[in-house]
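# Structural features, examined
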Amino acid sequence: MDPNRLKGKNILITGAAQGMGAANAEYFAAHGANVALGDINVDGVNEVAGRINARGNGKAISMKLDVTKRPDHTAAVNATADEFGSINIMLNNAGVNKPKMFLDIDEDNWDLIMNINAKGMLFGMQEAARKMIDQGPMDDHPYKIINVGSIVSRTAFLDVVPYSCSKYCALAMIIGGAKALWQHKITVNGYGPGVVKTELWEQLDKDLVEIGMFEKEGQSMDHLAETMILMKQLSTPDDVKGTAAFLCSDESDYMTGQLIMIDGGMIMQ
């Protein structure tokens, strides 16, 4: 792949301290992008940014970003534009999950997931779009907002209903945002991972044992790989970053309102 494929792209990534967010940040920078990394885990994003800057291809800055707070989004968007001259891509990656059986879902569980995954994504989209509009249209390419969905943007499971609701929201915001923002030459797309071996899934595996879905740790991933994933294998952040980079690149300029599944064949569409 062209090492300068993303040269000139100034990208803000939420939830960039670990997992897919960190992997995408390093991959984007390796292909010429400047990346701003936001997370409540400041030490984590500082470490990722340090690795990127040490390699010298692309540039990284890091900042505290609590996605449930609109002022944090505003500050992060402005910091990105101030550092790199503009912001032209927003990647809403931050997300959380806490499994509970349907009748055990309580207000705290609902609010935790929806506040981060849905409200936080809305804030990110809005504040990035406002800045892009203020900057004025680019000459050759649209601005881009990218939302991370999930397999449960298109289905639901009995033990993660609030998470499923939040990822249906991600899909709705992709479609609605695409319709609302194209007049400003902003596209909105997303991608939907399946079962990705990250720190989040390691915790989910433990949580699923705790609520009685599985007897011991490791069973949930093995079960999903055997019964639901057509390719019979779990994914890693490396399986996601290429599609994410495509959505950031000029090659996706004629796309908007789309959610691309990266799930090994779990959801057919």
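Just above, that's the structure.
Residues numbered from 1 in each chain as written. Predicted model: local features only at pLDDT ≥ 70, side-chain atom pairs only at ≥ 80, totals over all residues. Heavy atoms only, no water.

Another aspect to go through is empty space enclosed by the protein. Remark: the empty space left among the atoms is shown by a probe the size of a water molecule rolled over them. Evaluated as defined, the whole model comprises 1 cavity of 30 Å³ or more. Counted as a void, the largest cavity has a volume near 40 Å³. As for the largest cavity, its lining consists of Thr14, Val67, His73, Asn92, Ala94, Ile116, Asn117, Gly120 and Met121. Of the residues forming the lining of the largest cavity, the biggest block, 4 residues, is contributed by helix H4 (residues 107-135). Of the residues assigned to the lining of the largest cavity, the class counts are 4 nonpolar, 5 polar and no charged. (1 Å grid on protein atoms, 1.4 Å probe; cavity = no way out; pocket = protein on both sides within 12 Å on 5 of 7 lines; lining within 4 Å. Points joined across faces, edges and corners; volume = space filled by probe spheres on them. Helix = DSSP H or I, 4+ residues; strand = E, 2+ residues; numbered from the N terminus. Nonpolar A, V, L, I, M, F, W, Y, C, P; charged D, E, K, R; others polar.)

The description of an aromatic ring pair uses the distance of the two centres, along with the angle that the planes make with each other. On inspection of all chains with the given rule, the structure shows 0 aromatic pairs. Stacked on the ring of Trp182, the Lys or Arg Lys185 has its end atom at 5.3 Å from the ring centre. (Phe/Tyr/Trp six-rings, centres within 6.5 Å; stacked < 30°, edge-to-face > 60°. Lys NZ or Arg CZ within 6 Å of the ring centre and 35° of its normal.)

With 21 residues, helix H5 (residues 161-181) should cover 30 Å at 1.5 Å per step; its first-to-last C-alpha distance of 29 Å lies within 8% of that length. Buried residues of H5: Pro162, Tyr163, Ser164, Ser166, Lys167, Ala170, Leu171, Met173, Ile174, Gly177, Ala178 and Leu181, and no others. Each element contacted by the buried residues of H5 is listed here: H4, strand S5 (143-148), strand S6 (186-193) and strand S7 (258-262). (Expected span 1.5 Å × (residues − 1). Buried < 20%, exposed > 50% of the residue type's maximum accessible area, 1.4 Å probe, protein only. Contact = heavy atoms within 4.5 Å.)

With that settled, the discussion passes to unusual backbone geometry. With phi around 60 degrees, Lys185 is a residue other than glycine that occupies positive phi space. Its relative accessible area of 39% is what places Lys185 among the partly exposed residues. With a phi close to 60 degrees, Lys232 is a non-glycine residue in the positive phi region. Considering the arrangement of structural elements, one finds Lys232 in the loop between helix H7 (219-227) and helix H8 (238-248).

Moving on to the pairing of strand S1 (residues 10-14). Counting buried residues along S1, 5 of its 5 residues qualify, which places the element largely inside the surrounding structure. Here S1 shows a buried face lined by Asn10, Leu12 and Thr14 and a second buried face lined by Ile11 and Ile13. As defined by bridge partners, S1 adjoins strand S2 (residues 34-39) across 5 bridges and the pair is classed as parallel. When the bridges of S2 are listed, Ile11 appears paired with Val35. The β-α-β motif built from S1, the intervening helix H1 (residues 19-30) and the parallel element S2 has right-handed crossover chirality. Alignment of S1 against strand S4 (residues 89-92), held across 3 bridges, turns out to be parallel. Paired with Ile13 across the strands is Leu91, a residue of S4. (Pairing = 2+ DSSP bridges. Right-handed = clockwise from strand over helix to strand, strands pointing away.)

The biggest cluster of nonpolar side chains holds 47 residues, and the ones touching the most others in it are Leu12, Met132, Ile145, Ile186, Val188, Val195 and Trp201. A per-element tally of this core places H5 first, with 7 residues. Beyond its immediate sequence surroundings of up to four residues, Ile145 is in contact with Met90, Asn92, Met125, Ala129, Met132, Leu181, Ile186, Thr187, Val188 and Asn189. Ranked by size, the runner-up nonpolar core spans 32 residues in total, among them Ala29, Ala49, Ile89 and Tyr191. (Core = buried A, V, L, I, M, F, W, Y, C linked by side-chain atoms within 4.5 Å.)

Quick look at the packing of helix H6 (residues 199-210) against H7 now. Axis separation between H6 and H7 bottoms out at 8 Å; the angle between their running directions is 100 degrees. Comparing the axis directions of H6 and H7 gives the class roughly perpendicular. From H6, Trp201, Glu202, Asp205 and Leu208 reach across to H7, where they touch Gln219, Ser220, Met221 and Leu224. For the contact of H6 with H7, the per-class residue count stands at 4 nonpolar, 2 polar and 2 charged. (Axes fitted to C-alpha atoms, helices over the stretch in contact; angles between N-to-C directions. Parallel < 35°, antiparallel > 145°, perpendicular 65-115°, else oblique.)

What H8 keeps buried is the set Val240, Lys241, Ala244, Ala245, Leu247 and Cys248. The arc enclosing the buried residues of H8, seen along the axis, measures out at 155 degrees, which places them on a common side. In this fold, the buried residues of H8 make contact with S1, H1, S4, S5, S6 and S7. (Arc of directions from axis to C-beta.)

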